[in-house]
Amino acid sequence: MEEKLALVRFNHSGKSYYFSSRFDLSKGDIVVVETIRGLELGEIVTDLKELSEFNLDTELKKIIRVANRADKELYLFNQAKAEKSFKICKDIVKEFGLDMHLVNCEYTLDASKVIFTYTSDARVDFRELLKELASVFKCRIELRQIGPRDKSRIIGGLGSCGLPLCCSSFLGEFDGISINMAKNQMLAINIEKISGACGRLLCCLKYEDDNYTQIKKKFPKIGSKVKYEDKIAKVTGLNVISELVKIENDGNVSFVPLKDIRRIPNNKEQHHKNERRGH
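As a starting point, this report considers the structure included with it.

What counts and what doesn't
- Residues numbered from 1 in each chain as written.
- Predicted model: local features only at pLDDT ≥ 70, side-chain atom pairs only at ≥ 80, totals over all residues.
- Heavy atoms only, no water.
- Helix = DSSP H or I, 4+ residues; strand = E, 2+ residues; numbered from the N terminus.
- Buried < 20%, exposed > 50% of the residue type's maximum accessible area, 1.4 Å probe, protein only.
- Phe/Tyr/Trp six-rings, centres within 6.5 Å; stacked < 30°, edge-to-face > 60°.
- Lys NZ or Arg CZ within 6 Å of the ring centre and 35° of its normal.
- Arc of directions from axis to C-beta.
- Contact = heavy atoms within 4.5 Å.

Some thoughts on the environment of Ile36
- Within the secondary structure, Ile36 sits in the loop between β3 (30-35) and β4 (38-44).
- Here Ile36 falls in the exposed class, since its relative accessible area comes to 81%.
- Between the C-alpha atom of Ile36 and that of Lys234, which follows or precedes it by 198 residues, the distance is 60 Å.

Next up, the structure:
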């Protein structure tokens, strides 16, 4: 079979990575690949693509084989083994009195390496811990510090929407999220309500931010003057979803349809308008 492009996802991460493959694979197939961590089991997340569709500037690692029954049984065995190793490591960390919170434990498919992930508010000197863990588990040890978002991705759970957390179900990368996105969407700046299980700003603030930016271009700015029913009023709020504008006039407050108001150009806008007419 001609070499094709395969997108593979691993349980330890929501991220997907590209590999080359000469196997006839379909979405959902389980394969064995070699990563920087070692041999791992992964899932094909899309149908194979032609390599010619992409301008790749690096050589891809190849899929080693389609996972067989023995690979899948070994994977399950390693999961059970990791649960026991997690408890043992947790006791050792407590014994050493280290300021680190263990989150997860994983073995590579061939069990040549065990990876412990943890969170910590400070830098941890785990040199002595590594020596102890190596003597207990008799394999290579990796201690990997992660942030609160990655912790939520690993642990999982339900979001305020009632659905599984985006980070643990489909998000591959964490986009930059800022408080300005909440302001742009005119949300009440209540940190508890706009934060996720990880304690950071909700990833879903990113989803509709560009749409709000585009739609709001149709609306007058808050604080500007508009004309409604031949009267001048001040814009004090917007309802982008319903296309309503909140206006105030002589102490009277009302929500009126966007289509029923007329903008009043400010001095700068009027100047540019006159310049265009002059040309």
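Moving on from the model shown.
Re the packing of aromatic side chains
- Taken as a whole and judged by the stated rule, the model has 4 aromatic pairs.
- Ring geometry for Phe116 against Phe137: centres 5.7 Å apart, planes inclined by 45°, an arrangement best described as tilted. Residue Phe116 is found in strand β8 (residues 113-119), and its partner Phe137 is found in helix α2 (residues 127-137); the two are separated by 21 residues along the sequence.
- By relative accessible area, which is 0% here, Phe116 ends up buried.
- Among the aromatic residues, those joined into a ring-pair cluster are Phe10, Tyr17 and Phe19.
- Over the ring of Tyr107 we find Lys81, and its NZ or CZ is 4.7 Å from the ring centre.

With respect to unusual backbone geometry
- With phi around 50°, Glu229 is a residue other than glycine that occupies positive phi space.
- Mapping Glu229 onto the fold places it in the loop between β10 (225-228) and β11 (231-239).
- Given the relative accessible area of 59%, Glu229 is considered exposed.
- With a phi close to 55°, Glu243 is a non-glycine residue in the positive phi region.
- With respect to the element layout, Glu243 can be found in the loop between β11 and β12 (244-249).

Let's talk about α2
- Within the sequence span of α2, burial applies to Leu129, Leu133 and Phe137. Along the axis of α2, the buried residues cluster in a sector spanning 45°; they form a single face. Among the exposed residues of α2, those oriented more than 90 degrees off its buried face are Arg127 and Lys131.
- For α2, the secondary structure elements touched by its buried residues are α1 (69-96), β7 (101-107), β8 and β9 (140-145).
- After α2 finishes, the residue Lys138 shows a positive phi value of roughly 55°.

Everything listed here is a matter of geometry and, on its own, says nothing about what the molecule does.
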